[in-house]
Each structure stands twice: as C-alpha cells, then as structure tokens.
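What follows is the residue order along each chain.
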Protein chains: 2
Amino acid sequence: MKKRPTIADVARAAGVSMMTVSRVMNDKPGVGEEMRQQIRELANTMGYRPSQIARGLVTRQTSSIGLIVPDIANPFFAQIARGAEDAAFEHDYNLFLINTAENLDREMAALASLLQKEIDGVILCSSRLPPDELETHIQDFPAVVLFNRELGAPMPHVATLNVNDRLGGQRAVQHFVAHDRRRIAIIAGPVTSISGQRRLDGYRAGLQEAGIIFDPGRLEHCEPTTEGGRAAATAILTRRPRVDAIFAFNDLVAVGALQACEDAGKKVPDDVAVIGADDIPIATMLRPRLTTLHIDLPAIGAQAMTLVLGMIQDQTNGDGAAYEIEPELVIRESA
Amino acid sequence: MKKRPTIADVARAAGVSMMTVSRVMNDKPGVGEEMRQQIRELANTMGYRPSQIARGLVTRQTSSIGLIVPDIANPFFAQIARGAEDAAFEHDYNLFLINTAENLDREMAALASLLQKEIDGVILCSSRLPPDELETHIQDFPAVVLFNRELGAPMPHVATLNVNDRLGGQRAVQHFVAHDRRRIAIIAGPVTSISGQRRLDGYRAGLQEAGIIFDPGRLEHCEPTTEGGRAAATAILTRRPRVDAIFAFNDLVAVGALQACEDAGKKVPDDVAVIGADDIPIATMLRPRLTTLHIDLPAIGAQAMTLVLGMIQDQTNGDGAAYEIEPELVIRESA
DNA sequence: CAATCTTGCGTTAACGTTATCTATTATTTG
DNA sequence: CAAATAATAGATAACGTTAACGCAAGATTG
C-alpha cells in the first residue's frame, strides 16, 4: 500500500552512502561496529526490506527454487513438497510450485516460465518429456535435480534422484511368491510413466525368478489415481478371475484395487493379496492396512532440495551425480 | 549455463532500438507488422526470453502470487493449492508455496520473505497470527485473500473467504440428533484454530437447539492430524464411555477417531457415529465411508486466486469483500 | 494545401541494488 | 618516524527492462 523505503532513503536518513547500508544489510565487512548497529536500527524502524528483485538483477540470484510436480493434490508429491519446502526455508530460499497435470505442454510452459523468473534451480519430478526436449529445456538452469527420471548421459549441473522401482517391483513379487501366490497381476500406471515401466520390469524379473511365465492378461495400465486403479483392477478381475495377488503402481491405485476387490466380492488378503507402493499416509488409515513399498517422502524432498542448493553454492557438489533410493517392503495386512 | 541473450542483443541483431523489441515482446502497438514478425522470429531463433526480474524492477509487477498454508502435506491444503495453481497458470502467474507448520514465527517469516520478493498478491490460509500482527503484516501487499480467517474491520486490498464452519458444526449435530444420538462429543482441533472455534460454536448451538446441555467432558482439542484425532478420541472414550457420536475437527481427525473406536471395540456407526469435515479424498476411501461436511476444495483455491488476481487488475474487484462458503453434509456410512 | 493527426520508431532516464574502484584515515611495522 | 598496511567509507557504473517523451514522415482533414 504505502510506498516502501529504499536503500537510498535509509542512506539519506543515516547520512551515509547507499553502499554502507548495503554492506550492513548483507553482513559484509567494511563498516564500523558502531555505525553498523546504528544503521541496522534505523533500517528496522523505517521498515526497510531490501528488494529481492533489484538485488537479483545485479547478483543474478533470486533465492528461489522451482518445484515441478504432476499433481500436488497427490499425497506422494505433497509429502515431497513439504520436505523440499522445509529444507528451502532452512536456507532462506522460496519455492515456486507448478503442477503439470501430466500434460507435456504444461510441463514445458512451466520450465519456460521458471526460466524467465531466473530461479536458481529446479526440482523436476517425474518428467514425461522426451529425452531431447528434456535436455534442451533444463540446460539453461544453473542447477537441476531430476526426480524419478534418468538421463541418457550425465549433464553438468544436473543431478538425478531415483527410487529403485525395479527392485521394489521385484521384492513385491518375491513376497507374493513366498506366500504361495502365483497368479500375480500388475497395475502398471500410465504407459508414459518411467516409474511404471521400472516397476513392470521388476515385476517381470520377479516372475522369471520364480519360474512363472508372464501373462499379458494380468497386466493393465491406468491413471495414477484411485479411480484408475479401481477400473484397472476390475478389468483384470473380470478377465482373469483366479488372480490371487495384485501389485499396484502406487498406494492410490492400490486403494482402487482394494475397492475393486470389494466390488467383486473378494476378500483381501485371503482371496487376493494387494501390495502398493510409496507408503503414503493413507496406507495405514485403511482397513486392511496396506502392505507397501516404503520410502521416506519428506526426506526425499529435503534431499532433492539439499542437492540443488549444494550445486548452486558449490559447482562440484552433486554435479552430474545419480542418487538412488531403495524402497523397503513394509508388511501390514493387505499382503 | 551459457549466457542468455538480452533485449540489447536482439535489438542489435535486428538493427532496431531496444524499445522496438520490447514493444514486440509485450504485444504493444507502435511497430509495423512486417518488422514485428521479423523481430519475433529473430527473438525466437536467438532463444531470447525477457527477464522477469528486470521487467519486475521497472513495472513493479512480478507475476507471482504467494500461497501460505499450515501444511501442504495435509490433503485439505494440497487440494486448495492445486485449484489455486491451476487458476494462476491460466493467467500466467506463478505460485510461491510456503508452509507455516502451525508456527507463528514461521508464518511471519513467510510474509516477510514474500514481501521482499515483491509478489503481486498473497493467499493466506488459516492464519494463526493475533489480529494486530496480522494487520501490520498484510497491509504492505497489493492484494491479499485471507482464507478461513476474519478481520475485525474490513481492510482495503484484503478480501476474506470463509467456510461457514459454525453452520457446518450445527448441521452435524442436527444430523446426530435426528438419528437419536444425544451423547455427542466433539474433537475441536487446535485451540488456536479459528475454524475449530467456529465449529465448536456451531456444535454448542446445535446442542442448545436440541435441549442438550454442554458437557465439557465430551470436548477435546488436538493437533489436526490422524494421530491427534486418535489420541483425543481415546481420551474422550475413556472419560465418557457412553458417548454415541463424535464430530471431528476435520476428516484427518475423523480417521483418528475411527481408529480409536476400533481400538476401544466400538462399532462405527452402530455404537458410535462419526462425522468429519472438509471431504478430502480419503473420506470415500475408508470403510466405513466417512460422513462429512463437503466443500469443493479445488474450487475454493481457484476462487481465492481469482479474487487476488481481480484485486490486482482492478482495484475495486472484491476489494474488502467477505465471501462465505456453505458446507454441505454428505451422508455416507459413518453416521 | 496548410494544419492536424496518426503511425512507427528512437532517446533518455529511471527502477533498487551491488561490484568495483578510489579516497581517506587509522594502525602497524622495520 | 617514514612507510607500508589495514579498515572504513564513498562514487560510479552496471544489471535488463520499460515509461515517457520526441520526432519524422505519411495520412487525413477542413
């Protein structure tokens, strides 16, 4: 509302040059302790706050990081966002949040608008962009962390952080097999999802390990939502009524599968065992409690943020590295 | 990585002044159609993107809106954030997301850092700041929407958007009473929560209406989480074992209450009926499905964003107004 | 056909901050 | 005690963009 004081106003009021005020505000040397205190106090009473915009123009730093996710309403990404924002707050950074809604154009628009904002770094989650598009769009950022997405060849200023979904899928199948389930179905999520492809990979590896031949009739793709999971599970259950286990793309999809089993009159886990993935909070709220592949979502968000921040500060920190997170099967009631 | 071209580079390459390029980039008149096309193309091939920072310094507009929420990992706020971001995207605005973690200092720090970023507007959700602090902290923003928080006196550039939680609480109690429940407990959420206070108000009004006297033993406060709800419900159930209905602060708390009933060997809804609030997606995933007070969360987020954007464009649009949303009881299985 | 308006483009000066360099003192040193 | 060094502070010029005004040449008017 009322006009904010500028550094010039403070300087004039204190009878010093703007540089002196600037040095005080940035805790830089070159100002006597006495005057420093005096200016600090004056700035405070005047309500002076340096403009990040003007500062950004000259320093080329904005103290802002972009976080691009498919859908913040998905608890998976909401938890990651929480961890990332907490870490950003610790370091006096702010977070731009953008949803892509699983839409390529919107993902590209997101990257473009963040570029114009001259943010210091980006965390890009589950990008669906084709490799070449991805590379051209991220190369102009000072620091990038790709979550659940790999790169053909390492790029400078780009680190990757991936959940070992293949291992997860394999472990899920192993658990089913160990409990004498052999007619195992999989709901693999969106066809374009990298995580989905990896989980499917692990699923097939697990089957092969157990000497079970892959049956395409037990595979279904779907949207990463409860409704998607329900529809997919219903489709599988009608096509292959004797299925005795379902590995779901994620917990949301698993909830849908649970509902489909209920609809079909199948008891979980007696008739059909269900394993989800990601261990979002809902997993323990349901009855039966969901057996799922656990990963520490807020910690992942925090790690991603730490990685970007590290790359900004210090070129070598995490630059080009590929990090991996190992999911752990937590056995509850659904399998 | 590589240095971005500036408007000066484009101007030089095109053999025109910077202003001409500027006019083209902003679709402003004063440039011939032929040259306009030519510059557009050149800018494109050079990969020129105007710096929002430099632009912001002179126009005093950043195309950024701040969204402050207690916790983005809470589906309630995640849904609102989704709606708000979608609406922002539509208008080429970006969203700063900040969590307060129910922490006053952090809320104030959030406001302060957004002020330095010179954002065009803020949506502040469920502020816990005392009235005077709140007023001083929001008055410097060009446009503010307060969600679930009221103002003593209307302020210019500040609109409020409130869920009529009092009515919601009253309706919940009415529903209980209509089904012959009279020993109705309430879990009222954090003591500092405005929504919690309003729901408690409505609860008492509902009781009075039915001629039931208020029993403090049936009231408990708690953190707005599943664990909080579980603990609070357990406390009430041990203190007042004959309670036959629970109105929960929100759906998350209701889930906790459900769990506490399960722990205590009470059947829902037969022994104890439970009503939640907000109708987050989890409500329909649970068994029994949660009866709750429905509001359209993404729509609220979008409305809040539209309100801020309107105030920025046009001073009078929504300025100082107070909007209200009426929750609707959706009856499912838990009550 | 002179007077006015329009169209198309350029010049200059900001916006608020910090980098860099320079100038003035104090303080230490050999 | 002269000379070197450090500490403190100021002046100036960016950073990339747009607002505001200026000016010419062509179009329109009475």
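Residues numbered from 1 in each chain as written. Chains lettered and ligands numbered in written order. Predicted model: local features only at pLDDT ≥ 70, side-chain atom pairs only at ≥ 80, totals over all residues.

(A) Here's a closer look at the overall build of chain A. Scanning chain A from N- to C-terminus turns up 13 helices and twelve strands. For 335 residues, the compact-globule estimate of 2.2 N^0.38 gives 20 Å, and the C-alpha radius of gyration of chain A, at 25 Å, exceeds that figure by more than 25%. Principal-axis analysis of the C-alpha atoms gives chain A an extent of 85 × 40 × 30 Å. The buried share of chain A, reckoned over its 335 residues, is 51%. (Helix = DSSP H or I, 4+ residues; strand = E, 2+ residues; numbered from the N terminus. Rg over C-alpha atoms; globule rule 2.2 N^0.38 Å. Buried ≥ 20, exposed ≤ 12 C-beta atoms within 10 Å, placed from the backbone.)

(B) Summary view of the pairing of strand β5 (residues 158-163) of chain B. Residue and element names in this part refer to chain B. With respect to burial, β5 is a largely interior element, five of its six residues being buried. Both β5 and strand β11 (residues 322-325) contribute to a ladder of four bridges, which runs parallel. Bridge pairing links L161 to Y323 in β11. (Pairing = 2+ DSSP bridges.)

(C) The relation of the copies chain B and chain A, seen in detail. The two copies are related by a screw motion: chain B maps onto chain A through a turn of 180° and a shift of 0.0 Å along the axis, at an RMSD of 0.1 Å. Here the two chains are linked by the operation of a two-fold rotation axis. When C-alpha distances to the rotation axis are compared across chain B, the minimum falls at F96 of chain B, with a value of 2.2 Å. (Least-squares fit on C-alpha atoms with pLDDT ≥ 70 in both.)

(D) A look at the pairing of strand β6 (residues 184-187) of chain B. Residue and element names in this part refer to chain B. Side chains I184 and I186 of β6 all project onto a buried face; the interleaved residues A185 and I187 project onto the opposite face, where all are buried too. With four bridges joining them, β6 and strand β8 (residues 245-248) adopt parallel strand pairing. Bridge pairing in β8 places I187 opposite A248. Inspection of the sheet shows β6 paired to strand β7 (residues 219-220) by two bridges, in the parallel sense. Residue pairing for β7: I187 is matched across the bridge by E220. Taking the sense of rotation as the criterion, the β-α-β connection linking β6, helix α9 (residues 194-209) and β7 turns out right-handed. (Right-handed = clockwise from strand over helix to strand, strands pointing away.)

(E) The arrangement of the interface of chain B and chain A in detail. The interface is formed by 41 residues belonging to chain B together with 41 residues belonging to chain A. Elements supplying a minimum of two residues to the side of chain B that touches chain A: α4 (52-59), α5 (75-90), β2 (94-99), α6 (104-116) and α12 (282-285) of chain B. Sort the elements by how many residues they give to the side of chain B that touches chain A and α5 of chain B lands first, with seven residues. Looking at side-chain class alone, the side of chain B that touches chain A contains 19 nonpolar, twelve polar and ten charged residues. Pairing analysis gives three bridges linking strand β2 (residues 94-99) of chain A to β2 of chain B, with the strands arranged antiparallel. (Contact = placed C-beta atoms within 7 Å. Nonpolar A, V, L, I, M, F, W, Y, C, P; charged D, E, K, R; others polar.)

(F) Quick peek at the protein's contact with DNA strand C. I7, S22 and A54 of chain A together with S17 and G32 of chain B are the nearest of the 26 residues found near DNA strand C. At the level of elements, α1 (7-14), α2 (18-25) and α4 (52-59) of chain A together with α2 (18-25) and α4 of chain B are the ones that each hand at least two residues to the surface near DNA strand C. Here the element with the most residues in the surface near DNA strand C is α4 of chain A; it accounts for five residues. Within the surface near DNA strand C, the residues separate by chemical class into 16 nonpolar, nine polar and one charged. (Near = placed C-beta within 6 Å.)

(G) Layout of the protein's contact with DNA strand D. Taken together, the neighbourhood of DNA strand D is formed by 26 residues, with S17 of chain A together with T6, I7, S22 and A54 of chain B sitting nearest. Contributions of two or more residues to the surface near DNA strand D are made by α2 and α4 of chain A together with α1 (7-14), α2 and α4 of chain B. Examining the composition of the surface near DNA strand D, we find that five residues originate from one element, α4 of chain B, more than from any other. Residue composition of the surface near DNA strand D, by class: 16 nonpolar, nine polar and one charged.

(H) Broad picture of the nonpolar core. Membership of the largest hydrophobic core comes to 188 residues, with the highest contact counts inside it found for I123 of chain A together with I123 of chain B. If sequence neighbours within four positions are ignored, I123 of chain B has contacts with I65, L67, A84, V145, F147, A304, M305 and V308 of chain B. (Core = buried A, V, L, I, M, F, W, Y, C linked by C-beta atoms within 7 Å.)

(I) Here's a closer look at the sheet that holds β2 of chain B. Reading across the sheet, the twelve strands line up as β11(A)-β5(A)-β4(A)-β3(A)-β1(A)-β2(A)-β2(B)-β1(B)-β3(B)-β4(B)-β5(B)-β11(B) and stay open at both edges, with mixed pairing between neighbours. A strand with exactly one partner marks an edge of an open sheet, and here the two such strands are β11 (322-325) of chain A together with β11 of chain B. Averaged over all pairs of adjacent strands, the angle between strand axes in this sheet comes to 20°, irrespective of strand direction. Relative to strand β4 (residues 144-147) of chain B, strand β3 (residues 121-125) of chain B is paired through four bridges, and the arrangement is parallel. Residue pairing for β4 of chain B: V122 of chain B is matched across the bridge by V144 of chain B. Along the sheet face, α5 of chain B touches β2 of chain A together with β1 (64-69), β2 and β3 of chain B and points at about 80° away from the line of β2 of chain A. (Axes fitted to C-alpha atoms, helices over the stretch in contact; angles between N-to-C directions.)

(J) The environment of A321 of chain A, seen in detail. Residues and elements named next belong to chain A. Among the secondary structure elements, A321 is positioned in the loop between α13 (297-313) and β11. Its 15 C-beta neighbours within 10 Å are what place A321 among the partly exposed residues. Remark: the alpha-carbon pair of A321 and L307, spanning 14 residues in sequence, is separated by 9.8 Å.

(K) Examining the environment of Q303 of chain B more closely. Residues and elements named next belong to chain B. Within the element layout of this structure, Q303 appears in helix α13 (residues 297-313). On the basis of neighbour count, Q303 is assigned to the buried category, with 21 C-beta atoms found within 10 Å. When the C-alpha atoms of Q303 and L161 are compared, they prove to be 8.8 Å apart, with 142 residues separating the residues in sequence.

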